[in-house]
Amino acid sequence: MAGVGEENHKKRKLPDGPEIEIDVSAPEPPSKKALRKAKKKGTNAAADTTEVKPAAPTEDKEASKKRSDYGIWIGNLAFSITKDDLRKFFIGHCSFSDATITRVHLPKGAEKFGKPQNKGFAYVDFSTEKALKEALGLSEQLLSGRRVLIKDAKNFSGRPDKPQEEGQTGGVASGHAPSKRIFVGNLGFDATKEILEEHFSQCGPLAHVHVATFQDSGKCKGYGWVTFEDLAAAEAAVKGFVMVQEDDEEEEEEGDAEDAAPKKAKKPRQKRVWVNNLLGRRMRMEFAEDATTRYKKRFGKDGEGNKKKDESEIREVADGEEQASRPQKGRQGKPDYSRYDEGTVQKLSGAIVESQGQKITFD
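By convention here, each chain's residues receive numbers from 1 onward along its written sequence. Predicted model: local features are reported for residues with pLDDT of at least 70 only, side-chain atom pairs are reported and counted for 80 or more only, and whole-chain, interface and lining totals are derived from all residues. Side-chain figures throughout are based on the complete set of non-hydrogen atoms in the structure, without hydrogens or water.

Some thoughts on the sheet that holds strand 1 (residues 70–75)
The test is simple: At least two DSSP bridges between two strands are needed for those strands to be called paired. The helix count covers DSSP runs of H or I at least four residues long, the strand count covers runs of E at least two residues long, and both are numbered beginning at the N terminus. Axis definition: a line fitted to C-alpha atoms, limited for helices to the stretch in contact. Angles are taken between N-to-C directions and run from 0 to 180 degrees. Two residues qualify as a contact provided that any one of their heavy atoms is within 4.5 Å of a heavy atom in the partner residue.
Strand order in the open sheet formed by four strands is 2-3-1-6, and the pairing between neighbours is antiparallel. Each having just a single partner strand, strand 2 (101–105) and strand 6 (149–152) make up the two edges of the open sheet. Strand-to-strand twist in this sheet, taken as the mean axis angle between neighbours without regard to direction, amounts to 20 degrees. Bridge analysis of strand 2 against strand 3 (residues 121–126) gives four bridges, and the strand direction is antiparallel. Across the sheet, residue His105 finds its bridge partner in strand 3, namely Tyr123. Packing against the sheet, helix 5 (residues 83–93) makes contact with strand 1, strand 2, strand 3 and strand 6, and its axis sits at approximately 140 degrees to strand 2. Against the sheet, helix 6 (residues 129–136) touches strand 1, strand 3 and strand 6, its axis set at about 15 degrees to strand 1.

Okay, here's the thing in structure tokens:
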């Protein structure tokens, strides 16, 4: 037993080698939480821990990145074009020098076969207006076998409309004004009225839910309509999410109320609850027409139902006229030509009638 105790008390000998030096003055490395936040913001948290560089080179770099008032946009570029190729293109075809080009911005695209590529367009800035006009005159010229398109960087003609702001709802895109009734598409066949009621009750109180179903199986056809009691609830459903307040449960500390320090009132936290997914499917939601408006369109004075009715009446009249033009059949099933003249009877019956003309002879 004594031998076992002595072995336990023995210390391990550290290997001979250089001691590890720790710089206490070095900044603390960023935590995982800080790195995640920096990744969302698009910044590099590790760069914050590095030493600060002198201000002069940074200012020169920022000054070179500033855009001038005389810039162009050049498109239809080959993906293998580089900044040097663009500089050579303008210098070789224009009278200005390389110093006139103040900035070349060539966005990078995805690499292909390990080689960097651009996105097919670039921005080039010049220091003078004369250089800008010369560069615009090079439009439709060949560069690496492609005719480039050059236009003023401030010319936004042909650009598609900007997407709607986050504050706007999806009803504008569907062409219908915001209403309490919404259309829900891309539903699963297993969706039911009860499931929709439970799901959309997170947005607000419901007035009516209708699910289109097949007559034979009773399963959902993949779409339906949900009517809310409040317009705000319908707008939240079309957006696809609703803001809900979080319940912060704080434990009360034991002690006298007089000794306890006054606590500051905290703002209620809100979390975003998504309502655009149901049964593993992304739903398509948009504002629908009001039931009264829809009814007037279908069955009103100028509705679709009346148009169909008018078309059927016109068809009936046309059929009646066509039937009236046909010869009526007699009692024995034979056509009755009594109400037609002799010439019409010959045409309708196809009978051979003896000629009643006069024969003229010439001497």
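Points about a nonpolar patch on the surface
This is how the line gets drawn: Patches were defined on residues exceeding 30% relative accessible area and lacking a salt bridge, with like-charge contacts within 9 Å and nonpolar side-chain contacts (Val, Leu, Ile, Met, Phe, Trp, Tyr) within 5 Å. Reported accessibility uses the Shrake-Rupley method at a 1.4 Å probe radius. Residues are deemed covered only where the shown protein chains occlude them. We define a salt bridge as a side-chain nitrogen of Lys or Arg found within 4 Å of a carboxyl oxygen belonging to Asp or Glu.
A contiguous nonpolar surface patch, about 430 Å² in accessible area, is contributed by Ile20, Ile22 and Val24. Examined against the element boundaries, Ile20 turns out to sit in the loop between helix 1 (2–9) and helix 2 (32–41).

A short note on the packing of aromatic side chains
Ring pairs (aromatic) are described by centroid distance and by the angle formed between their planes. For clarity, the cut-off: Stacked, tilted and edge-to-face are the three classes applied to pairs of Phe, Tyr and Trp rings, where Trp contributes its six-membered ring and a pair requires centres within 6.5 Å; stacked means planes under 30 degrees apart, edge-to-face means over 60, and tilted covers the rest. Any Lys NZ or Arg CZ that is within 6 Å of a ring centre and within 35 degrees of that ring's normal is treated as a charge sitting over the ring.
Applying the stated criterion across every chain, the model contains ten aromatic pairs. Between Phe89 and Phe90, the ring centres sit 5.3 Å apart and the planes meet at 70 degrees, which makes this aromatic pair edge-to-face. The positively charged end of Arg272 is found above the aromatic ring belonging to Phe241, 4.1 Å away from the centroid.

Let's talk about the sheet that holds strand 8 (residues 206–213)
Strands in a sheet are paired, the pairing made by backbone hydrogen bonds, and the direction either parallel or antiparallel. The sheet built from four strands is open, its strands ordered 8-9-7-14 with antiparallel pairing. Looking along the sheet, the strands with just one partner apiece sit at the ends: strand 8 and strand 14 (284–287). In this sheet, neighbouring strand axes are inclined to one another by 20 degrees on average, regardless of whether the strands run parallel or antiparallel. Here helix 8 (residues 193–200) sits on the sheet in contact with strand 7 (181–185), strand 8, strand 9 (220–228) and strand 14, set at roughly 140 degrees to strand 8.

Here we look at the pattern of salt bridges
This is how it is decided: Per-residue accessibility, obtained with a 1.4 Å probe over protein chains only, is compared with the maximum for each type, and a residue is labelled buried under 20%, exposed over 50%, and partly exposed between these values.
One pass over the full model with this rule turns up three salt bridges. In this structure, the salt-bridge partner of Asp98 is Arg87, at a minimum N-O distance of 2.7 Å. Separated by eleven residues along the polypeptide, Asp98 in the loop between helix 5 and strand 2 and Arg87 in helix 5 bring together distant segments of the chain. Residue Arg87 is classed as partly exposed on the basis of its relative accessible area, which comes to 23%.

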